[in-house]
Amino acid sequence: MAGFPILSVMLLVPLLAAVACLLVEARAARWTALIATLVNLGLGLVLWANYDVGGAQWQFVERASLFAGFEWKLGIDGIALMLIMLSVFLMPICIGASWEAIEKRVGEYMAAFLLMETLMIGVFAAQDIFLFYIMFEAGLIPMYLIIGIWGGQDRIYASYKFFLYTLLGSVLMLIAMLWMVNEAGTTDIPTLMAYDFDPKVQTWLWLAFFASFAVKMPMWPVHTWLPDAHVQAPTAGSVILAGVLLKMGGYGFIRFSLPMFPEASAQFAPLVFALSMIAVVVTSLIALVQHDMKKLIAYSSVAHMAIVTIGLFAFNPQGLEGAMIVMLSHGLVSGALFLCVGVIYDRLHTREIDRYGGLSINMPYYALFFLLFTMASIGLPGTSGFVGEFLSLAGIYQVSSWVAFVCTTGIILGAAYMLYLYRRVAFGDQKNADAAAMPDLDKREWFLLAPIAAVVMWMGVYPESFMAPMRADIAALDARLARAKPEGDAQLTAPKPKAATATEEHAAHGGAH
Amino acid sequence: MDFVQSFRLTAPEVLFSLSGLVLLLGAAWSRSDAGARIITWLAVAVLAVAAALTAPTLLSGAKGPATLAFSGLFAATAFAALAKLLIFAAAGASLIVAPAFFQRTRDYRPEYPVLVLFAVLGMCLMVSSTNLLTLYIGLELNSLAAYVLAAFLRNDDRSAEAGLKYFVLGSLASGILLFGTSLTYGFAGTIDYAGIANALTGKISTGAVFGLVFVFAGLAFKISAVPFHMWTPDVYEGAPTPVTTFFASAPKVAALALTVIVAMTAFGNQVAAWQPIVIFAALASIVVGALGAIGQTNLKRLLAYSSINNVGFLLIGLAVATPKGVAALLIYLAIYVAMTIGGFVALLMFKDADGEPVEDLSDIAGISRHRKVLAACFAMIMFSLAGIPPLFGFWGKFVVFQAAVEADMIALAAIGIAASVIGAFYYLKVVKVMYFDEPAMKATGKSDWMHQALLAICALAISPAGYLLTKCLDGLSLAAAASLITP
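So, a few notes on the structure that sits alongside this text. These figures come from a predicted structure and were not determined experimentally. (Residues numbered from 1 in each chain as written. Chains lettered and ligands numbered in written order. Predicted model: local features only at pLDDT ≥ 70, side-chain atom pairs only at ≥ 80, totals over all residues.)

## Let's talk about the overall build of chain B
Within chain B, the secondary structure is distributed over 20 helices and 2 strands. Since a compact globule built from 487 residues should have a radius of gyration of about 23 Å, the 21 Å found for chain B is in line with a globular shape. Over its C-alpha atoms, taken along the principal directions, chain B stretches across nearly 65 × 55 × 40 Å. Going through the 487 residues of chain B one by one, you find that 60% of them count as buried. For chain B, the proportion of contacts with a sequence separation of at least 24, taken over those separated by at least 6, is 79%. (Helix = DSSP H or I, 4+ residues; strand = E, 2+ residues; numbered from the N terminus. Rg over C-alpha atoms; globule rule 2.2 N^0.38 Å. Buried ≥ 20, exposed ≤ 12 C-beta atoms within 10 Å, placed from the backbone. Contact = placed C-beta atoms within 7 Å.)

Right, here's the structure in full:
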């Protein structure tokens, strides 16, 4: 493997395929896109297989001094590896989901998705801060086109809102990056992660980064672009938006905000907790009253992302690992839920919950998959959702019982709105004749949902596979954060501190064994 | 300083004077369409030769006394050379696109290339000026040619109106500038930039401040910076599109380079006096350019406001007042020229089935369905003008803001970049109209292959492939900035 620039190849394959898709007609474009994304999935598996767990922190490093001011520098650690895997895993499914649903301008559609894949991998693999910014921002263009051209009724409003909201969030981050590079004299992310900025300046830098990542994440109250974008985007667009794009915010926190500004992160942790607590409760309640399935899932995404942020700012390994697993799990589960909506939307062309009912009678397999993903979204043990949420909440419990308490109510509310959705769609009477006449999953839809279901179960039963590559990186991050770690509110009075540590250890690996 | 040396340094200018006169003579004899075309291509060839003569100056990073010609009236520095190369490229593009545009109405006449050559000569003098007189002669030579060019379509009312407006307001600006230079001369006792810099050190007198303000006001007019931007949309809309292409690119480069020269050399010791003016003009241009563009339905007016908006970002590079800032401005300028030429060439290619040019935003609705490549190129240019990575327009904004941050002007950078989001709105609107709206099927006409080739070159330059040029641009612009600031 040594010397083979696998990351650059992974960026190049979809890019070339995107150009090819523009030149050929619809059928060929579909196949080109599918083959290219499958090749990238293969490359991703090779990457994972060759990733040396416990080896160097940064692996597969490539660099080329092509530009003035920044470098072409790629490399991954375990965290980036997992997010790249998530991206390459979801992409072929997205292409498959668009196979029949997209009929107009197929070549351009596939090209936009392939370009998106290049940029997503680029975001996670970039080791140069400006290369990261370019990849991070560039994703706006294909997503704007995907929502605007192939979206639903109010697609134009949604596309503008998505673009301008995220752009406004990110521009100040660029100024902060310029300042940091000027101060530290390097654009190299690993070096910057170890650079100690003056805590006074950290406050400003942290806020500038926060503006960008909070919008991307999205955190309450800057989440309002998300329901619009999700509802209007085509199914595959929603999958990629919920599955991967939202993870860029969490990745940004874990890669930039926390290691580069530990003091400021500690200083602002209460703010993050407050926003997250509000998000969990408020957006869950909003989700409860939605009539539109996609909107409901979009609001549930905001609630799940709030669990990610509290985990990240818990400043302990449980919280960080939990946050990562929630991100991966949410990427799979929300993607799968959007696919489930897409399946019935393709048949009836409505997302109105009331237009369905009793689907478990005429679509038993569909109901089965939908149930699995509903349970995973709630966080039932045995599914991926449980592992992440449990770890995150265990992490935050060490810091603040109140935050843990409020966020746990979110889990209960989550169960409420998801089960309520499931009851209305799958159970009850078949009150609509057209919904009752819908055929069950076809072969293509099986191929879309079954792999996600398998991975969701795998992550739920044996999360060690996914946590092992990240463990060393999270430990390194935890060590970096140790000096700014805020004191927890649980003042342990136990005479033997050793016992307390043992309990924590147990909690950390509770899902692993 | 012997004459041979002086003529060697001014070779491109001498070439322009002579060839301009010869071509004018040729134009007097040849009234046919074919003759006009031949003269156009000869003018392009002259520009190419001049570029070949200028390039070594830039590559060698020429600076200091060795660059002065005619007893210090003219300086062929690397800075001037870089500006000239951009001017030549822009002028060449405006010449190449012209014949196909005028062909339809049979309005093409050989005066067009001749006037462009004389305007270029004026611009060369502007960017090589070392004193207020060379500045004024260059500026007027350029302006007089430009007034005529704006009114080139004699039978078109809009064109005549544009020419008249440009003439009246341009003369006013020249008057203001002249007033400023005379005040400056009065208080400094010299017209030489270096002499002015020596005379105006330390605390500056009120009279000299007046001179400085008037000079900057006159120059702001020429670069169409807010609050002296009002003429821009009207002139850009009324002038024939190839002429607008020219106005938006070459004279902008010359006037901005001239502003940099005056600010950094003549008033180089009075940075504190002019910095607030430039900062105001920069931020006001960004905001007014962006807000003004939102309501426009005519594409030429829209691009006019876009150029006002871009001038704001360029001026941030000047406001920083460091060599890095000047270098950033030059990089931005180079990218701006590519984007502007590309934008206007695409505009020239929007024609209806009869070959009639269409200029309205609603006319290009849904054009991405039937003119895929053209729409994609124009969309790229729009995103690039908005400064969205990975397009190369981002790099221009990036270097400008980097210079501002390095000079510790973080508030300026933060406000400027936040205001750029307003601009993104109307660039997005153009993309929306082309890609999201139902096809209007108006802009269906075929385009000339020369236009296609030029658009392809511009699109390639502003595509992510453009980043491969960053090293080269960085080196050249730093050398150019150094030649200006450390004489």
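Structure shown, so let's carry the discussion forward.
## As for the overall build of chain A
Of regular secondary structure, chain A possesses 22 helices and 2 strands. Here the C-alpha atoms of chain A give a radius of gyration of 22 Å, agreeing with the 24 Å that 2.2 N^0.38 yields for 513 residues. Along the first, second and third principal axes, the C-alpha atoms of chain A reach 65 × 55 × 40 Å. Counting every position in chain A, which comprises 513 residues, the buried fraction comes to 60%. The long-range share in chain A, meaning contacts at least 24 apart out of those at least 6 apart in sequence, stands at 81%.

## Some words on the environment of Phe74 of chain B
Residues and elements named next belong to chain B. When you line up the elements, Phe74 lands in strand S2 (residues 74-75). Considered as a pair, Phe74 and Met126 are 52 residues apart in the sequence and their alpha carbons are 9.4 Å apart. In contact with Phe74, other than residues within four places in its own chain, are Thr10, Ala69, Ser128, Thr130 and Thr134.

## As for unusual backbone geometry
In the segment running from Trp220 of chain A into Pro221 of chain A, the intervening peptide bond is cis, with an omega of 5°. Tracing the backbone through its elements, the reader meets Pro221 of chain A in the loop between helix H9 (199-216) and helix H10 (225-232). Between Pro389 of chain B and Pro390 of chain B the backbone carries a cis peptide bond, its omega angle lying at 5°. Its location among the elements puts Pro390 of chain B in the loop between helix H16 (372-386) and helix H17 (393-406). Despite not being glycine, Ala321 of chain B shows a phi value in the positive range, around 60°. For Ala321 of chain B, the location among the structural elements is in the loop between helix H13 (299-320) and helix H14 (323-349). Of the residues examined, Ala321 of chain B has 22 C-beta atoms within 10 Å and is grouped as buried.

## Quick notes on the interface of chain A and chain B
Contacts between the two partners involve 26 residues from chain A and, on the opposite side, 26 residues from chain B. The set of elements that each furnish at least two residues to the side of chain A that touches chain B consists of helix H5 (129-138), helix H6 (140-150) and helix H7 (155-184) of chain A.

## Observations regarding helix H14 (residues 317-348) of chain A
Since the α-helix turns once every 3.6 residues, residues separated by three or four places project in the same direction. Residue and element names in this part refer to chain A. The end-to-end C-alpha separation of H14 is 46 Å, in line with the 46 Å expected for 32 residues at 1.5 Å each. With 28 of 32 residues buried, H14 is to be regarded as a mostly interior element. Following H14 by one or two positions, His349 has its phi on the positive side, about 55°. (Expected span 1.5 Å × (residues − 1).)

## Details of the packing of H13 of chain B against H17 of chain B
Residue and element names in this part refer to chain B. Across the interface, H13 lies against H17 with an axial gap of 9 Å and an inter-helix angle of 25°. Taken together, H13 and H17 sit at an angle that is classed as roughly parallel. Pair H13 / H17 crosses with left-handed handedness. The residues of H17 that touch H13, namely those facing Phe313, Ile316, Gly317 and Val320, are Lys397, Val400, Ala403 and Ala404. Looking at side-chain class alone, the contact of H13 with H17 contains 6 nonpolar, 1 polar and 1 charged residues. (Axes fitted to C-alpha atoms, helices over the stretch in contact; angles between N-to-C directions. Parallel < 35°, antiparallel > 145°, perpendicular 65-115°, else oblique. Left-handed = near helix turned anticlockwise from the far one by under 90°. Nonpolar A, V, L, I, M, F, W, Y, C, P; charged D, E, K, R; others polar.)

## Digging into the environment of Phe405 of chain A
In this fold, Phe405 of chain A is placed in helix H18 (residues 401-426). Measuring from C-alpha to C-alpha, the distance between Phe405 of chain A and Trp204 of chain A comes to 31 Å, with 201 residues separating the pair along the chain.

## Looking at H10 of chain A
All names here are of chain A. The buried count for H10 comes to 8 of 8 residues, which makes it a mostly enclosed element. For H10, the full list of buried residues reads Trp225, Leu226, Pro227, Asp228, Ala229, His230, Val231 and Gln232. Of the surrounding elements, those touching the buried residues of H10 are H6, H7, helix H11 (235-260) and helix H13 (293-312).

## Regarding the pairing of strand S2 (residues 72-76) of chain A
Residues and elements named next belong to chain A. Of all 5 residues that make up S2, 4 are buried, and the element is covered over most of its length. Across 4 bridges, the pairing between strand S1 (residues 59-64) and S2 is antiparallel. Note on S2: the bridge partner recorded for Gln59 is Ile76. (Pairing = 2+ DSSP bridges.)

## Describing the packing of H14 of chain A against helix H17 (residues 384-399) of chain A
Working note: a packed helix pair is described by the angle between its axes plus the distance between those axes. Residues and elements named next belong to chain A. The contact between H14 and H17 brings their axes to 7 Å, and the two run at 150°. Overall, the two elements H14 and H17 adopt an arrangement that is roughly antiparallel. Note on packing geometry: the crossing formed by H14 with H17 is left-handed. Contacts between H14 and H17 pair Gln318, Gly319, Glu321, Gly322, Ala323, Ile325, Val326, Ser329, Leu332 and Val333 from the former with Ser384, Gly385, Val387, Gly388, Glu389, Leu391, Ser392, Ala394, Gly395 and Ile396 from the latter. Taken together, the residues of the contact of H14 with H17 sort by class into 9 nonpolar, 9 polar and 2 charged.

Coordinates in, geometry out; function isn't part of it.
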